[in-house]
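Results of the structural survey
The lines below spell out each chain.
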Amino acid sequence: MPSVALREPWQDLGHQRNSAVLGMWLFLGTEILFFGGIFAGYSVYRFLHTADFLAAGRETNIYYGSVNTLVLLVSSFVMSLGSRAARAGLFRFARLCFPVTAVLGMVFLTLKGFEYNDDLEKHLFPGASGFPLPEAGAGLFWAFYWVATVVHTIHLTVGIGAVFRLQILSRDDPQWLNDSPSAEVTSLYWHFVDCIWVFLYALIYLPGRS
Amino acid sequence: MTPEERHRIIAIARAPSLVLLGLVLLFGANLGLSFAALGRFNLVANLLIAAAMVALIALFFMELIRSSAIHRLAAVVGIFWLMFFFVLGFADYLTR
Amino acid sequence: MSDITAGAYEYSRTPSIGAVDNYLTHGRTLRSWLVTTDHKRIGILYALSITVFFFIGAIAMAIVRLDLITPAPDLVSDDTYNKLFTLHGIVMVWFFLIPSIPATFGNFMLPLMIGAKDVAFPRLNLTSWYLFVIGALFTIGCIVAGGVDTGWTFYTPYSSQYSHGFVIPAAAGVFITGFSSILTGLNFITTIHSLRTPGMHWFRLPLFVWAMYTTSAVMILATPVLAMTLLLMSAERFFGIPIFDPARGGDPLLFQHLFWFYSHPAVYIMILPAMGVVSEIFTCYARRRIFGYSFMVYCMVGIAVVGFFVWGHHMFVAGQSPFANLVFSFMSFVVAVPSAIKVFNWTATLYRGQITFESPFLYCLGFLWLFTFGGLTGLVLATVPLDVHLTDTYFVVAHFHYIMVGGSVSAFFAALHYWWPKITGRMYDEAWARFAAILMFFGFNLTFFPQFIMGYAGMPRRYHAYAPEFQIFHVLSTAGAAVLGAAYALPALYLLWSLRRGERAGPNPWCATGLEWQTESPPPRDNFRTPPVVVAAPYQYHSETHGPDYQHRDIERAQGTV
Ligand SMILES: [Cu+2]
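What this report covers is the structure whose coordinates are included nearby. Small disclaimer: the values here were computed from a predicted structure and weren't measured. (Residues numbered from 1 in each chain as written. Chains lettered and ligands numbered in written order. Predicted model: local features only at pLDDT ≥ 70, side-chain atom pairs only at ≥ 80, totals over all residues. Heavy atoms only, no water.)

Structural notes on the interface of chain A and chain B
In many reports, interface size means the accessible area that the parts give up when they come together. Where we set the bar: The criterion used for residue contact is that any of the two residues' heavy atoms lie within 4.5 Å. For any pair of parts, buried area is found by adding up, for both, the accessible area (1.4 Å probe) each one loses once the two are put together. What makes a salt bridge here is a side-chain nitrogen of Lys or Arg within 4 Å of a carboxyl oxygen of Asp or Glu, nothing more. In protein, a polar contact requires one atom able to donate a hydrogen and another able to accept it; more generally it is a pair of N or O atoms within 3.5 Å, and residues adjacent in sequence count only if both atoms are side-chain atoms. Helical segments are the DSSP runs of H or I of at least four residues, strand segments are the runs of E of at least two, and each set is numbered from the N terminus. Three residue categories are used. Nonpolar comprises Ala, Val, Leu, Ile, Met, Phe, Trp, Tyr, Cys and Pro, charged comprises Asp, Glu, Lys and Arg, and polar comprises the others, including Gly.
Facing the 48 residues of chain A at the interface are 47 residues of chain B. Between chain A and chain B the total buried area reaches about 4,300 Å² when both faces are included, carbon and sulfur atoms providing 78% of it. Residue E5 of chain B is joined to R92 of chain A by a salt bridge in which the shortest nitrogen-to-oxygen separation is 2.9 Å. Counting the contacts that link chain A with chain B gives seven residue pairs in polar contact (both at pLDDT 80 or more). Looking at the side of chain A that touches chain B, the elements that each hand over two or more residues are α1 (13-48), α3 (62-88), α4 (91-121) and α7 (182-204) of chain A. The element best represented in the side of chain A that touches chain B is α1 of chain A, accounting for 17 residues. Residues that form the side of chain A that touches chain B fall into these classes: 31 nonpolar, eleven polar and six charged.

Now the structure itself:
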């Protein structure tokens, strides 16, 4: 009997998997250029207002940023264990890894929430009155801080949903994790969101520390 | 969990564990270096280390190292196109 | 008749067309259309949606053109005038031209042409259409609420700080629709990689499939940048955070860089599919192989890549550095080379062809002239000193309408007439179709040629009131628009008529060689009753050793073999 994971118009699972993975990589290519707009704008303004950006970068909370980076790196590690386990047929272990990944994602979101709260208490939102930094470029830096981290947070939230989807769909039929390309595709997306964060961390939290 | 399962899990986890170790070390280096007074090379160091971390994630966690050529091509094409923007965009900003 | 597939023999034994199940009879309820994952039905859903938008955009411009008959701004208020041309631009670019050929004929024909059952991700394909509809609802909502007056380019700081229009809903509509075209693009690329029928090598793909491939690549790589640009602009407008605001250290030119990084390649999203269509049709009606197949492929790939290196030609007078002007000007000349090669190759394809002037061919001839003229005037605009004189005049308006309307829309109508028998199973009235094609060519030139002249003489674009010496050109242009409107409306009449009264088309009324003609018209739900096998390159309209007159369709018709 063909697996329930096999969908139209495919005739075998391997072909389906390869194509789904290609589709996800193409989507990630799109995502690179989507975030690319932020990276490009940030780079132009950092070039035009170098000193202001360093001063503004110093105001970010490096503790939250660094802990969150570690949380995401570990989550990526767990996710990669999950997708490898699914491929190897170790479904119980895989179904252990996915919730851990998702919880780590939620830890990130929680810390991010606390960080946003701190930022707002310090009036570090450049659109509102009382923004404390006098340099022209500082406002730009913080505008990009908010846009970039919020867009990243939305992506991470989608990722958490996708990981839970794996858990739900494999509840009655763990073999699905192996047949369907979902585990591999979800893991690609999860790792990509982490890659974006690694760059955001270097661009947002690290400038102006020396 | 049977001992056989445990063995297989350990076998699976070996490579990712090493990668995680590398990632954490690179992360520490990035954080530490940002406090060193390197002038404009702070940015260079930060970005190079970040790029190395992303390369580790892409190669081992996203398994590009064992992917087919077409998947690798799809993975790098976005980066290339972003570089087009940087090269031509900065052709303006650097010469104004 | 054709030696391209083994499957060709198979279908000729199937019973008469009306008796068998096809994609149209496969479920007749409205619901069966709204939840369909059939690429053919999704193509038709797109076709119906963009037709609605085509008429919305056309009506907006009809009012503008009527107003411009007199130099005084008398028909509508200045504010309404701005909103009308903005509406025309947004709707025509994102809700008609971008999806026009790819989402309709691409969706319908691509799997058929490579011998596949469907696209790679059928449910994602349906999702794309729903995203298009949601984006469309935002845009319609924006119109109903009072419109937007920024022009289709959404330039900051006007859009992000000063405009009183509904900028964010309009941008949201474009943003969401953008994801529809991204998903369509990745679906097409995966389909072409994964689902080619046995024997369909990369260099046996019909050029329309290559056109879809390159278009999809541009969609995937350019559209996300537009999405982020609009997001940044909307964030600045909604939250008041500084992003492009020059008063707070921002750079409005950054917006233009990001915007044109998408919007110049967007022109190639519109024109590459048109090039694919023209290659199919010229070969078919000239009974010729395409001249220089591999060059045609390389040129499309070249256009898709180099098309990303030229965006700065929209910013020559905006404050970009002279060095960047030089670079972008040079690259704009470079990108004209592959387009020119294609024009020469089409011409060489026609040389010594056994040409019959059916309506799709006439539309394509129109394309060839208008695209060439539009392309050459593009070189004029790519020349920095000339652009300083011509920028923001009607010369620019005429130039890009020659490419987008003269080029893409002509090709859209060519595709519509060429594939209509395949899609519906019916023949339309050829005499009316030829008349409409010729009328469209004349109406188009009457509308837009005067705009070159008045633009060169200094008539600025987007002006509501103008100096009286330009009136004659505006009157001619408006008269042309009326002719053009009639030429667009005519096909709606005779094509609808053909649905009921048209002769049955049979599988291959044009004796064409593509795989899509090797199945019934309309095709069955799964496209092919027997999976086709490809044994040769496309466009085998004459054998290797004989001239093109070897298999002339008129001869075949006379012999009753068709
Ligand atoms: Cu352009």
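The discussion continues.
What to know about the nonpolar core
Formally: Only buried residues count toward a nonpolar core, which is a set of Ala, Val, Leu, Ile, Met, Phe, Trp, Tyr and Cys residues joined through side-chain atoms within 4.5 Å. When a residue's accessible area, from a 1.4 Å probe over protein chains only, is under 20% of the maximum for its type it is buried; when over 50% it is exposed; and in between it is partly exposed. Domain start and stop positions are those given by an automatic or database domain assignment.
Of all hydrophobic cores here, the largest spans 293 residues; its most connected members are W94, F154, W346, Y418 and W419 of chain C. Lining this core are residues from two domains, each supplying at least three of them: domain 1 (1-65) and domain 2 (67-96) of chain B. Setting aside chain neighbours within four positions, we find W419 of chain C in contact with F105, M109, M113, F208, V277, E280, E516 and W517 of chain C.

Quick notes on the coordination of the copper ion
All names here are of chain C. Note the threshold: Metal-coordinating donors are taken as N, O and S atoms lying within 2.8 Å of the metal, or within 3.2 Å when the metal is Na, K or Ca; because water is left out, some sites can appear incomplete.
Protein coordination at the copper ion comes from H264 (ND1), H313 (NE2) and H314 (NE2), with a distance range of 1.8 to 2.0 Å. Here the donor residues of the copper ion are spaced in sequence according to H-x48-H-H. Within this pair, whereas H264 is found in helix α9 (residues 252-286), its partner H314 is found in the loop between α10 (293-306) and α11 (322-350), the two being separated by 50 residues in sequence. According to the relative accessible area criterion, H314 is partly exposed, its value standing at 29%.

Side note on empty space enclosed by the protein
All names here are of chain C. The test is simple: Using only the protein atoms, space was sampled on a 1 Å grid; points where a 1.4 Å probe fits but cannot get out form cavities, open sets with protein on both sides within 12 Å along at least five of seven lines form pockets, and lining residues are those with an atom within 4 Å of a point. Grid points are joined across faces, edges and corners, and a volume is the space filled by probe spheres set on the points.
By the definition in use, this model includes nine cavities of 30 Å³ or more. Space inside the largest cavity adds up to approximately 110 Å³. Around the largest cavity sit 18 residues that line it, and P206, T513, G514, L515 and P538 are the ones nearest its centre. Class assignment for the residues of the lining of the largest cavity results in 13 nonpolar, two polar and three charged.

Thoughts on the interface of chain C and chain B
If you look at the interface, chain C gives 19 residues, while chain B gives 13 residues. Around 1,400 Å² of area is buried between chain C and chain B when both sides are counted, 77% of it from carbon and sulfur atoms. If you look at where chain C meets chain B, you find one salt bridge. A salt bridge links D251 of chain C to R96 of chain B; its shortest N-O distance comes to 3.5 Å. Connecting chain C to chain B are six residue pairs in polar contact (both at pLDDT 80 or more). For the side of chain C that touches chain B, a count of residues per class yields 13 nonpolar, five polar and one charged.

Take it as geometry only, folks, not as evidence of what the structure does.
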